[in-house]
Structures are given as structure tokens and as C-alpha cells.
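# Structure at a glance
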Amino acid sequence: MAAVEEEAAPLLLETRGLTRHFGGLTAVDDVDFQLPTGEIRAIIGPNGAGKTTFVSLLSGRIRPSAGRVTFAGQDVSRLKAHQRVARGIAYTFQITSIFKAMSARENVMLAAQRRLTKGLIGPPEAELRALADEALARVGLAERAEEAAGNLSYGHQRLLEVAMGLGLAPRLLILDEPTQGLSDEEIAAFIDLVREIAQESTVLLIEHNMHVVMGLAERITVLDRGRVLAEGAPEEIRADDAVQRAYLGG
Amino acid sequence: MDFGPYFLLASLEGAVGAAVLAVTALGLSLVFGVMRIVNVAHGEFFMLGAVIAWWVASLIGIHPAIGFLAALIVSPLIVGALAAVAERTVLTRLNYDPEATIVATIGMLYVIQQAVLMTYGPDARPVQPPFDFRIQLPWFGYSAYKLFVIAAACLLLLGVWWGLTRTRIGLMMRATQFDRETARAFAIPVDKVYGGVFAFGAMLAALGAVLVVPVQQAHYLMGHDPLLLSFIVVIIGGLGSLRGTVLAAVIIGMSDGVISVFFSPTLAKIIATLVVAFVLVWRPQGLFGERPA
Amino acid sequence: MREIFRPDGGTALHLGVLIVLFALQFALSDYHHINIARIMVLACFAMGYNIAFGYTGLLSLGHAMFFGAGLYGAGLAAQFAAVSGPGAFVIGLAAAVALTVLAGAVALRTAGVSFMIVTLMFAQAAYLTIYYFGEFTRGDEGFVYPDAMRTLFGLELIEPTVRYTVAFGLFAICLIASFAVARSGLGRIFVAVRENEDRARMLGYDVYRMKLLALTISGAMAGAAGAAYGLLFGYVGASFANIEYSIYPLLWVLMGGAGVVLGPLLGTLAMFYLVDVTSGFTTAYLLVVGAALIALILFFPKGVLGTVREKLGARGARWLP
């Protein structure tokens, strides 16, 4: 339902002049980016455009060479990744990264545990289990709660990642190529899931699958060679010449 | 003796130590550079080299020079063969996982060390140097054999450098070090290279030991200090960098010798081990190594 | 708390082990009596190592310095400051914890092989420091505990029954603590750090701090074992701070089962008697240590109880946390 009542800043996330060099290569080049609260935004672009680098900068996995990241009105540029997660930014990996030896439920419990731990006192196990089961049910993995995460099919592991994201109850959920490797059926279910999640969180989505992008995104940002090439509503982007050239020519 | 000559004497002693250390540490460095594993049993290969040298020399009683020459050839070969067997049977099965390899080589350390204890015994036994005269310098006489050790080590290092940079085998080794997957794509037999490098590293340790055993004595625990010093050298010089290894060996060998003569050897060792730790924490690439990925 | 010690198979098993160990003292011959007391104290050392290595994946090669800190902290306090049992124990424990936090804070900035080497170097430096201050520590020779200091609230620690019971007490505390960690959310975090550090970080966990916490608990148990060992068995010597005492806990944990609460006890017990029997016919008993390490890492990396737990599936996880 509606988000928890807090100072819902109109702009949840903002970057100014965000830049990242890798030796001689500039992966992200002076990007100004704004993400309003509650929006579903997709980031698209040809391979090597800097999409994953960009969201890595947002989530804190890598440091910027220059520029600033502001989240919910606060400058988070200096914060480490785990601190940003605590602030409400959740990231699901491009290449599935879960705890293979643990059960699906335990994976999600871990996500919720951090959030609910005050100082040294953690929440009761029963509460964590209930939260985990709820998140698993939402993504459709309820029957597989006890299974070892490593034994799940690839598609289910992807969903587990999303469940973990939910367990964090984030304000911003960043999904990095979430539908890669999923069947059409799974993708359709996924689109519904994201629409549901977007009622509570702002969603930032990197995607190659245009069907998913057009179906979900309220606005689209196009990156090319580290710069913002275009930004706007899906129909505008679809009609944009520069975007066509970048995808066809690149 | 005045300070000057005393310092020269200390420096010569340091140089002998540095020479042997350079050869020994080079073995460890090559193994890490190409295979990306740490061989904790390296010191025991060194010790084996010395013990086998004693054994060969005592078998060939004719003349110490012949015995020494035989040892110089036979000992590294035996140690190399043993290392190759260990590599095939243990390390390959572990898939060269870095942590598992360290545990396994610790096991090998104890097996080798204690096997020698059971057969060779706990005594330290001397080996006759091949020639035994002193060169008369203006201030003191110095063992010609020790000078020979320094010269031999330099030759050996040059030989290895030449082999690495000018021969096909050396090229294959360097390619494997640089990028294992690409080397495979170029039909370089990576597994054979690994086996060869591991054996060669052990042989270098053995060679260093054969050179030094007429100066020290052969004892089953003599692998401990060379291992520690080799570690220090390789890490400070930069894991995988040959130039760094040699340079660090010279620095550490010389300073260890000099400090031990003038100050407490224990304190020198404490400082050296702490420096290694801090180098790993704050400058993991050492002096010349590449930044880890 | 209720959740951790809930009445199920696992709790029953561990309680049973404790009861058996306590009762054993009345059935053992003198020789085994002191052995089991020794094993229980060393098992505390191993359980500490298990928290760091088995659960959190920190392969330290320097734990001898934590054991040694406890041993020498207590021993030197007794020898030079006439501090008896309880006081000496606390001083030893405090010394170990302080050293753990200090060394850990630096060493944990590295990982994997580098971490192994850094911990090894720190331990080596600590060992050499014992020699450097040889006039107090008597280096390799060591010193015997002043008898008068080996008391605990009026009871003579030299007395076999007292000694065994105190050793048991320490063991019980460490076992219960390990059990609690393994079954709690904290244990889950440690395992997460071991399994997938990156993921743990991206779930909001301060991985560095978690590792330091694991190491501190580990060092505390190791230091407690060290302090107790001196007090109970009367001798303080540099050999206990040598590299071997960094390898032993690794071996004991690997053999019994890394990441299993009862693993360390089993491993310590097995290796103790294996070495005992072997030294009966050769001085080269360390050969057995070496061979065991190689065999374990090659064929049984999960150790005895680790393999058992795996085979038992879900039930295994409940019985053998």
C-alpha cells in the first residue's frame, strides 16, 4: 500500500556530475540524473554504455572519480555500500549472487535481519521467518522456502534475489538485468511483481528486454558511452533518432 | 679490527646470505608468479637439498670437490622429482585452490621434515666444501668458497633470467603467469607448465641449500629460517616479480647480516616479520609487483 | 534465547555430551584423567578457532599468539605480580582480547592468502618477542607456575578433581557459547560472510566489523584456553606460542568438522590420542599431523561431523549446528 509516512522528498535520488574513470577509460561521464520518488525508471543502452557501472556508483559498490550522489535529500557519496543499504538502497546482482548453501528462507531472513536489528539485539526468529515467508510468497517461491538456494533453478534464483530485495524493504530497489535467462512465462509474472513492488518502493531497472522496458517503465533513461543520450517517456524514446542510431549503429 | 674492515666483513657475510636467499626465494616467487599458490613446504625442499647433498658427498668419499659436484647435480634433481610427484598427487587434485594449497603444503612440510628426522636423525652434520683456502685481503683472510657461493648464485640468477626471457620454455612460463586462459587457448600445456614450475622452484631451493651447506651444516630443522626469509623477500619484493625478489633478497640478506652482527638478531627478525605484514596490508604489490586484480 | 536453546535433538545432544564429559572423571584412570582435562581446555582453543575459521571463513595461521597471550598474561601476572588463579585468568583473557582486536583490526584489511600470511607474520613476531624479553619469559625453557598461585577461590588447582572440574567448566562455557552463536542470527551472519561476502555487504552488513567480531570471540576463547592451560597444568613455555600451535587448531577443526559446534572436541580428542600413540614409537609424531592435514584437505574437507551433517540433510542441520 502507500509508503510509510515520512518526508517523501519529491526527488528520491539525484546525481550531479557523476563520473568514473578506469585507467584511460571513462565508464561514466559527468552524469546528471534525477529519480522522483515512486517512479519506475528503466536504464537502457548498448553494451558497454556504463549502465552497471552507473548503478554500482549509486549503490556504493565503487567510488566515483568525481561527482555527487544524493539520496532522500542527503549526500551519500562518501558512504560505503553497506551504509547505503541501511539508508534504503537495495541492489540485486546482474549475475545471481545468493547464499547457495542456505535455504531460500534463510537467504531472505538475512535480508530482513539487518534491517530489524537495533544495535546488538536482533528480532525474534519467529518474526524473521514470518517476514521471509511473506516475501517468498509474493515472488511465488513459498513452496521452495526450505530448499537450498543453490538447488533452485536459475529463474527461481533470480526471484529469490528479488525476494531478498523485498526483505530489505528498501525505498529504492535497483534491479540489474533481472529477466535475463527467464522464460517468457516467468517474465510475464515478473512484470506483475515489479508493478506490485513499485507501490511501496521506487524502482530503477537496467534492462535489455524492450518488451519488459516498454511494459513497465514510466520513464526511460538511455545511456551511451557513459553519457545520458536521452531521457523521457517510453513513446518518446522509441521515436528518438539518436537512440535508434546508438542501438543499431553501436 | 677497525670499523671499516669490520663492516666489510659483515657485508661479505651478508652478501653470502643474500646470494643464497636470492636463489631460494626466486623458487618461491616463480611458483607464486606462475601458479598463484604459496608453497609453505618450500623451506623443506631447501632442507632436503642440503641433506641429500650430505648423503651424496658421504657416498662419494674420494675428494670433496667431486662429492660436491655430484651433490650439485643429483640433489636438485631428486628434490625436483619429489616436488613433481607432490604436485601431481596433491596440488592438481585441489585445483590449486589458494587456501587449500596452503593447508596441503603445511602438511607436506611436516611430512618431509619428520621423514628426514626419522631417517637422517636430529644431528647436524657438516659437508666438506669443494675447496678450502682463504683469500688474503688487506685486513683479513676470507673463505674463497664463500666468495664462490656469491659468484655461483649470481651466475645462477643470470641463467634463470636468460632462460625466462630468451627461451621458448621461459616464454610459455611467462605467458601462463600473465593469463592462464589465454595461454591455454594458444595450446600451451598449462598443466605441464605448472608441474614444471613447481619442480623447478623446488630445485632452486635445493641448489641454494647445496651451495650453503658447506658453510652451515645439514640439519632437519634448517628449512625454517630460509622459508621465513623467502616469504619476507617475495612479499616485500612483490609476489610474482623476479626483479623485486632479487632486489629484496639483496636488501634483506645484507641488512639481516649487518644487523645481526651489530644488533640483536631477534629484534631484526621481529622487525622483518612486522614489515612483511604491513607491506601486505598497505602495499600488497610490494616493491615491484603488479596491483592485485 | 528461548529459540536457541529450544528442546530439540540438537540441544539434547550437546547437553548429553556435557553430562558424559562431566561424569567421565569418575571412571577414568589417572593417566586419562589429566589427558581429558587437557583435551577439554585445548578444545576450547579449537572451538574459538572454529568460530573464526569454521563459521566465518577466516583462515588464520596466527592463533597461537592469542593462546600464548592468555598463557603468558596469566603466567607473568602470577610469577611477577603474585596474582593468583582468578585474577591471573582475567589478566590473561584481557591480554588475549586486546591482542586480537589490535592484530585483527590490521589483518582484516586483507583477505584470503594475504590474511593467512599476515596472521602468520604477526604470530611469528609475537613468538620472537617472547624470546626478546627472555629475561622475564625464560624463552624456550619457560617457567613453572608458582604453586601458591594455582588456586581458585581457595581450591587447589593441582588437585585432579578440581583441575578436571575447572577444565570442564571452561569447556562447558565455550561449548554453550559456540552453540548459541551457531544457532543465532549472529551465526547466520558469520556464515553469510563466509559464503558470499559481497552479497552480505549488499544486504547492509558491515562485513569488516562482523569479521572483527568473529575474530574477537575467537581470540577470547583461545586466550581463555591459554590462561587456563597455564593455571591448570603449571607450565608456561614459548613452544605454546610457536607455529605448531597455530596449525593444531586448524587441524583439530578440520578433522572434527569445520563449522560444527562439536567438531573441535572430536578433532582435538582424535588428534591428541593419535599423536599420543604415535609418539609411543617415534619422535617424529608430527609426521602424523602432516599426513592427516593432507588427507583431510584432499578427501574430507568437511571433517567427520561435517560429512555426517551433510549426509543427514535437514535433520543434520538441527542436530549439529
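Above this note sits the structure.
The sections below set out a description of the structure shown in this document. (Residues numbered from 1 in each chain as written. Chains lettered and ligands numbered in written order. Predicted model: local features only at pLDDT ≥ 70, side-chain atom pairs only at ≥ 80, totals over all residues. Heavy atoms only, no water.)

Residue and element names in this part refer to chain A. Two elements, strand β1 (residues 11-22) and strand β2 (residues 25-36), share eight bridges in a ladder whose sense is antiparallel. Within β2, the residue paired with Leu 13 across the bridge is Leu 35. Hairpin connection between β1 and β2: a loop of two residues separates the two successive antiparallel strands, and Gly 23 in this loop has a positive phi of roughly 60°. The sheet contact formed by β1 and strand β4 (residues 66-71) spans five bridges and is antiparallel. Note on β4: the bridge partner recorded for Thr 15 is Val 69. (Pairing = 2+ DSSP bridges. Helix = DSSP H or I, 4+ residues; strand = E, 2+ residues; numbered from the N terminus.)

Opposite the 18 residues of chain C that make contact, chain A presents 26 residues. Taken over both partners, the interface formed by chain C and chain A buries close to 2000 Å², and the fraction arising from carbon and sulfur atoms is 60%. The largest contributions to the chain C side of the interface with chain A come from Arg 188, Arg 199 and Met 202 of chain C, which together make up 38% of the buried area. Along the contact surface separating chain C from chain A lie three salt bridges. Here Glu 161 of chain A makes a salt bridge to Arg 199 of chain C, at a shortest N to O gap of 2.6 Å. Linking chain C with chain A are 12 residue pairs in polar contact (both at pLDDT 80 or more), by the criterion used here. Only α8 (185-195) and α9 (197-202) of chain C provide two or more residues apiece to the side of chain C that touches chain A. (Contact = heavy atoms within 4.5 Å. Buried area = accessible area lost by both parts, 1.4 Å probe. Salt bridge = Lys/Arg side-chain N within 4 Å of Asp/Glu carboxyl O. Polar contact = N/O pair within 3.5 Å; in protein donor to acceptor, adjacent residues only side chain to side chain.)

Packed helix pairs are characterised by how far apart their axes lie and by the angle those axes make with each other. Residues and elements named next belong to chain C. Their axes nearest at 10 Å, the elements helix α1 (residues 9-24) and helix α7 (residues 160-183) cross at an angle of 170°. As summarised for this structure, α1 and α7 are arranged roughly antiparallel, according to the angle between their axes. Contact residues: Gly 10, Thr 11, His 14, Leu 18, Leu 21, Phe 22 and Leu 24 in α1; Tyr 164, Thr 165, Phe 168, Phe 171, Ala 172, Leu 175, Ile 176, Phe 179 and Arg 183 in α7. Split by residue class, the contact of α1 with α7 holds 11 nonpolar, four polar and one charged. (Axes fitted to C-alpha atoms, helices over the stretch in contact; angles between N-to-C directions. Parallel < 35°, antiparallel > 145°, perpendicular 65-115°, else oblique. Nonpolar A, V, L, I, M, F, W, Y, C, P; charged D, E, K, R; others polar.)

Glancing now at the state of the cysteines. Residue and element names in this part refer to chain C. Here the structure, examined in full by the defined rule, presents zero disulfides over all chains. With no disulfide of its own, Cys 174 has Cys 44 as its nearest cysteine by sulfur position, at a separation of 3.7 Å. A relative accessible area of 4% places Cys 174 in the buried class. (Disulfide = S-S within 2.5 Å. Buried < 20%, exposed > 50% of the residue type's maximum accessible area, 1.4 Å probe, protein only.)

Attention shifts here to the packing of helix α2 (residues 42-59) of chain B against helix α8 (residues 190-212) of chain B. All names here are of chain B. Between α2 and α8, the least distance of the axes is 7 Å, while the angle of their chain directions is 50°. As far as their axial angle goes, α8 and α2 are oblique. In the crossing of α2 with α8, the sense of the turn from one axis to the other is right-handed. Residues His 42, Phe 45, Phe 46, Gly 49, Ala 50 and Ala 53 of α2 pack against Phe 198, Gly 201, Ala 202, Ala 205, Ala 206, Gly 208, Ala 209, Val 210 and Val 212 of α8. Partitioning the contact of α2 with α8 into residue classes produces 11 nonpolar, four polar and no charged. (Left-handed = near helix turned anticlockwise from the far one by under 90°.)

On to the nonpolar core. One finds Leu 160 of chain A, Met 35 and Phe 198 of chain B together with Leu 21, Leu 61, Phe 171 and Met 271 of chain C to be the most contacted residues of the largest nonpolar core, which totals 259 residues. Among the nonpolar cores identified, the runner-up in size contains 27 residues, and Val 31, Ile 43, Leu 79 and Tyr 91 of chain A belong to it. (Core = buried A, V, L, I, M, F, W, Y, C linked by side-chain atoms within 4.5 Å.)

All right, on to the pattern of salt bridges then. All chains considered together, the criterion is met by 28 salt bridges over all chains. Salt-bridge contacts for Arg 16 of chain A lead to Glu 14 of chain A; the nearest nitrogen and oxygen are separated by 3.1 Å. Glu 125 of chain A is paired through a salt bridge with Arg 188 of chain C; the nearest N and O atoms lie 3.0 Å apart. With one member in each of two chains, Glu 125 of chain A in helix α4 (residues 125-139) and Arg 188 of chain C in helix α8 form a pair that bridges those chains. For the pair Glu 125 of chain A and Arg 188 of chain C, one class covers both residues: buried. When salt bridges that share partners are traced, they join Arg 61 of chain A together with Glu 197, Asp 198, Arg 201 and Lys 211 of chain C into one network.

Of note, Ala 72 of chain A is a non-glycine position whose phi angle comes to about 50°, a positive value. Position of Ala 72 of chain A among the secondary structure elements: in the loop between β4 and β5 (74-75). Residue classification places Ala 72 of chain A among the partly exposed positions, given a relative accessible area of 23%. With a phi close to 50°, Ala 82 of chain C is a non-glycine residue in the positive phi region.

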